[in-house]
Amino acid sequence: MRQFNHCKGKDACRDDSERCLTCGRKLTEVARTVFLMNELSDFVIEQDYDNVDEFAAYIARKLVKKVKHRREIASTP
(Lines give C-alpha, C1' and ligand atoms only; values in the text may rest on other atoms or scores of the structure.)
Protein backbone atom coordinates (compact mmCIF):
# COMPACT_ATOMS: atom_id res chain seq x y z
CA MET A 1 0.00 0.00 0.00
CA ARG A 2 0.99 3.62 -0.39
CA GLN A 3 0.10 6.93 1.16
CA PHE A 4 -2.44 9.27 -0.41
CA ASN A 5 -1.06 12.72 -1.21
CA HIS A 6 -3.72 15.35 -1.72
CA CYS A 7 -3.58 18.05 -4.36
CA LYS A 8 -1.89 21.26 -3.34
CA GLY A 9 -4.17 23.31 -5.60
CA LYS A 10 -4.52 23.90 -9.32
CA ASP A 11 -1.82 26.56 -9.31
CA ALA A 12 0.65 24.11 -7.74
CA CYS A 13 0.14 21.35 -10.31
CA ARG A 14 3.09 20.51 -12.52
CA ASP A 15 3.11 17.37 -14.59
CA ASP A 16 5.23 15.28 -16.91
CA SER A 17 2.20 14.07 -18.93
CA GLU A 18 1.95 11.03 -16.64
CA ARG A 19 2.18 12.29 -13.05
CA CYS A 20 1.67 15.43 -11.06
CA LEU A 21 5.17 16.45 -10.02
CA THR A 22 3.79 18.20 -6.93
CA CYS A 23 1.68 15.46 -5.30
CA GLY A 24 3.19 12.50 -7.18
CA ARG A 25 -0.13 10.99 -8.21
CA LYS A 26 -0.80 9.71 -11.71
CA LEU A 27 -2.88 12.09 -13.79
CA THR A 28 -5.44 9.32 -14.35
CA GLU A 29 -5.82 9.01 -10.57
CA VAL A 30 -6.24 12.78 -10.21
CA ALA A 31 -8.83 12.82 -13.00
CA ARG A 32 -10.80 9.94 -11.49
CA THR A 33 -10.79 11.63 -8.07
CA VAL A 34 -12.07 14.86 -9.63
CA PHE A 35 -14.78 12.87 -11.44
CA LEU A 36 -15.92 11.19 -8.22
CA MET A 37 -15.94 14.50 -6.33
CA ASN A 38 -18.03 16.06 -9.10
CA GLU A 39 -20.46 13.13 -8.97
CA LEU A 40 -20.87 13.47 -5.20
CA SER A 41 -21.24 17.25 -5.48
CA ASP A 42 -23.88 16.90 -8.18
CA PHE A 43 -25.75 14.37 -6.05
CA VAL A 44 -25.80 16.69 -3.01
CA ILE A 45 -27.04 19.57 -5.15
CA GLU A 46 -29.72 17.40 -6.79
CA GLN A 47 -30.93 16.27 -3.36
CA ASP A 48 -30.87 19.88 -2.15
CA TYR A 49 -29.20 18.91 1.14
CA ASP A 50 -28.55 21.87 3.40
CA ASN A 51 -26.40 19.83 5.82
CA VAL A 52 -23.52 19.11 3.44
CA ASP A 53 -21.04 18.70 6.30
CA GLU A 54 -23.13 15.89 7.79
CA PHE A 55 -23.43 14.17 4.40
CA ALA A 56 -19.65 14.44 3.85
CA ALA A 57 -18.91 13.04 7.32
CA TYR A 58 -21.33 10.16 6.67
CA ILE A 59 -19.65 9.36 3.34
CA ALA A 60 -16.20 9.48 4.96
CA ARG A 61 -17.24 7.09 7.77
CA LYS A 62 -18.91 4.66 5.39
CA LEU A 63 -15.99 4.73 2.97
CA VAL A 64 -13.48 3.85 5.70
CA LYS A 65 -15.66 0.97 6.91
CA LYS A 66 -16.21 -0.35 3.38
CA VAL A 67 -12.49 -0.26 2.49
CA LYS A 68 -11.52 -2.02 5.74
CA HIS A 69 -14.18 -4.68 5.15
CA ARG A 70 -13.13 -5.30 1.55
CA ARG A 71 -9.45 -5.51 2.55
CA GLU A 72 -10.30 -8.03 5.27
CA ILE A 73 -12.22 -10.16 2.77
CA ALA A 74 -9.40 -9.93 0.22
CA SER A 75 -6.77 -11.00 2.77
CA THR A 76 -8.78 -14.00 4.01
CA PRO A 77 -7.45 -17.23 2.50
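Look above for the structure.
Description of the structure in this document. (Residues numbered from 1 in each chain as written. Predicted model: local features only at pLDDT ≥ 70, side-chain atom pairs only at ≥ 80, totals over all residues. Heavy atoms only, no water.)

**Examining a positive patch on the surface**
Note the threshold: Only residues whose relative accessible area exceeds 30% and that form no salt bridge are eligible for patches; like-charged ones are grouped when within 9 Å, while nonpolar side chains (Val, Leu, Ile, Met, Phe, Trp, Tyr) are grouped when within 5 Å. Here the open area of atoms and residues is found with the Shrake-Rupley method and a 1.4 Å probe, where only the protein chains shown may cover a residue. By convention in these notes, a salt bridge is any Lys or Arg side-chain nitrogen within 4 Å of a carboxyl oxygen on Asp or Glu. We score Asp and Glu as negative and Lys and Arg as positive, and we do not count His or the chain ends. Each charge is placed at NZ for Lys, CZ for Arg, CG for Asp and CD for Glu. Numbering of helices and strands runs from the N terminus, with a helix taken as a DSSP run of H or I at least four residues long and a strand as a DSSP run of E at least two residues long. Residue exposure (1.4 Å probe, protein chains only): buried if accessible area is under 20% of the type maximum, exposed if over 50%, otherwise partly exposed.
Together, Arg 61, Lys 62, Lys 65, Lys 66 and Arg 70 make up a positively charged patch on the protein surface. Along the polypeptide, Arg 70 turns up in helix α2 (residues 52–75). For Arg 70, a relative accessible area of 56% puts it in the exposed group.

**Considerations on the packing of aromatic side chains**
How we decide: Aromatic rings from Phe, Tyr and Trp, with only the six-membered ring used for Trp, were paired whenever their centres fell within 6.5 Å, and each pair was classed as stacked if the ring planes differed by under 30 degrees, edge-to-face if by over 60, and tilted otherwise.
On inspection of all chains with the given rule, the structure shows three aromatic pairs. Note on Phe 43 and Tyr 49: the rings are 6.2 Å apart at their centroids and 75° apart in plane angle, and the pair reads as edge-to-face. Judged by relative accessible area, which is 33%, Tyr 49 ranks as partly exposed. Between Phe 43 and Phe 55, the aromatic rings sit 6.0 Å apart at their centres with planes inclined by 35°, giving tilted as the arrangement. Of the two residues, Phe 43 is situated in helix α1 (residues 27–47) and Phe 55 in helix α2; the sequence distance between them amounts to 12 residues. A relative accessible area of 14% places Phe 55 in the buried class.

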